[in-house]
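# Descriptive analysis of the structure
What follows is each chain in one-letter form.
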Amino acid sequence: MRSKVKLARRALIGAAVAALVPSAARAVVGGLPTNVAHADSSPEWENLRGKLFQDRKIEVAATSASPRVELIVPLRAAYGASVPIKIVSKLPQTAELYVKKLYLLVDKNPSPIAAVIDLTTELGQADFETRLRVDEYSHVRVITELSNGELHMDSRYVKTSGGCSAPPNRDSLHLIGKTVLKVHDPVKMNAPTPADVTVIHPNDTGFELNNQTVMFIPPHFVRSIKVSYAQRKLFEADLDFSVSENPTLRFNFVPQAAGELRAEVEDSKEGHFFGTLAVR
């Protein structure tokens, strides 16, 4: 499945980069859409669905009697380059049934597959938070794949634009790759504990203009983040430039004893970075 995701993503990025059409020009064609519902489909979603899931049934939260996942996104985001999103799982991560994979999509982005995350029961609860780039009015979708093979989806229609062409802050280029782990609440052994991993990185999309050279800044973004605790895998995230600069993931983990949180990071220029945090 991972190879299928990468092939689909590369094909979509290739078409977008070849066009190199500024986002403003793309957004105004035909005017802004109106009367779009959160659960609506789109041509982009139908294309992605066929490539990622073929004809598998997907349970939609809006029409489900017992939704398994909820997506929380502001309906009008103030800044398209940093749209906060929260994914809430409706079931705990147990051996009997758990979320084993999570897909995060932005239908109309040049690279719509923002993240594919492989999960384990070590998380305790498969809730995630991050920030995304949204290039124009678009549905944002989360699809969770359960350990029994079921697929569940929730979606929100977000009104913002310019997320993939907004220039990143370039004041901290000397810190690229610095990886910071934080645990905010007091650690509770044998219970889900929230934590963050942040990577200092511009996450250049290839669609931003350098104000001095008036040339496109080449793409350079975090490609993967692998997080473990006490040498046990928590999750592995395959990312793209639809994630905002300085990518941050908020997640849960269940410490059973003192140990070390570790994050291993790779970017699109084969840069390798890591960060650690002792947990007691």
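What you see is a predicted model; the values in this text were computed from it and never measured.

## Quick look at the confidence of the model for the protein chain
When the pLDDT values of the protein chain are averaged, the result is 89; 88% of them are 70 or greater. Segment residues 13-31: pLDDT under 50, and 20 contacts once partners within four positions in sequence are set aside and those in other chains are kept.

## Describing helix 3 (residues 43-53)
Taken residue by residue, helix 3 has Trp45, Leu48, Leu52 and Phe53 as its buried positions. Here the buried residues of helix 3 occupy an arc of 90° about the axis, which is enough to place them on one side. Positioned one or two residues after helix 3, Gln54 has a phi angle of 50°, which is positive.

## Describing the nonpolar core
Note on soluble globular proteins: their nonpolar side chains tend to be buried together. Counting 46 residues, the largest nonpolar core has Leu104, Phe235, Phe251 and Leu261 as the members making the most contacts within it. Listed in part, the 12 residues of the second largest apolar core include Ile58, Leu105, Val116 and Ile143.

## Quick word on the pattern of salt bridges
Following the criterion strictly, the structure yields 13 salt bridges and no others. For Asp240, the salt bridge identified is with Arg223, shortest N-O distance 3.6 Å. On the criterion of sequence distance, the pair formed by Asp240 in the loop between strand 12 (232-239) and strand 13 (248-253) and Arg223 in strand 11 (residues 222-229) is long-range, its members being 17 residues apart. Taking relative accessible area as the criterion, Arg223 reaches 27% and is therefore assigned partly exposed. A cluster of three or more residues bridged by salt bridges with shared partners is formed by Arg56, Lys100 and Glu145.

## Thoughts on unusual backbone geometry
Note on backbone geometry: most residues besides glycine have negative phi, and most peptide bonds are trans. Despite not being glycine, Ala230 shows a phi value in the positive range, around 50°. Position of Ala230 among the secondary structure elements: in the loop between strand 11 and strand 12. The class for Ala230 is partly exposed, based on a relative accessible area of 37%. Residue Gln231 is not a glycine yet carries a positive backbone phi of 65°. Inspection of the secondary structure assignment puts Gln231 in the loop between strand 11 and strand 12.

## Remarks on the packing of aromatic side chains
The final tally for this structure, using the stated rule, is 8 aromatic pairs. Seen from their ring centres, Phe207 and Phe241 are 6.2 Å apart, and the 65° between their planes marks the pair as edge-to-face. Of this pair, Phe207 sits in the loop between strand 10 (193-199) and strand 11 while Phe241 sits in the loop between strand 12 and strand 13, placing them 34 residues apart in sequence. The two residues Phe207 and Phe241 agree in class, both being buried.

How each quantity is defined
- Residues numbered from 1 in each chain as written.
- Predicted model: local features only at pLDDT ≥ 70, side-chain atom pairs only at ≥ 80, totals over all residues.
- Heavy atoms only, no water.
- pLDDT = per-residue confidence, 0-100.
- Contact = heavy atoms within 4.5 Å.
- Buried < 20%, exposed > 50% of the residue type's maximum accessible area, 1.4 Å probe, protein only.
- Helix = DSSP H or I, 4+ residues; strand = E, 2+ residues; numbered from the N terminus.
- Arc of directions from axis to C-beta.
- Core = buried A, V, L, I, M, F, W, Y, C linked by side-chain atoms within 4.5 Å.
- Salt bridge = Lys/Arg side-chain N within 4 Å of Asp/Glu carboxyl O.
- Phe/Tyr/Trp six-rings, centres within 6.5 Å; stacked < 30°, edge-to-face > 60°.

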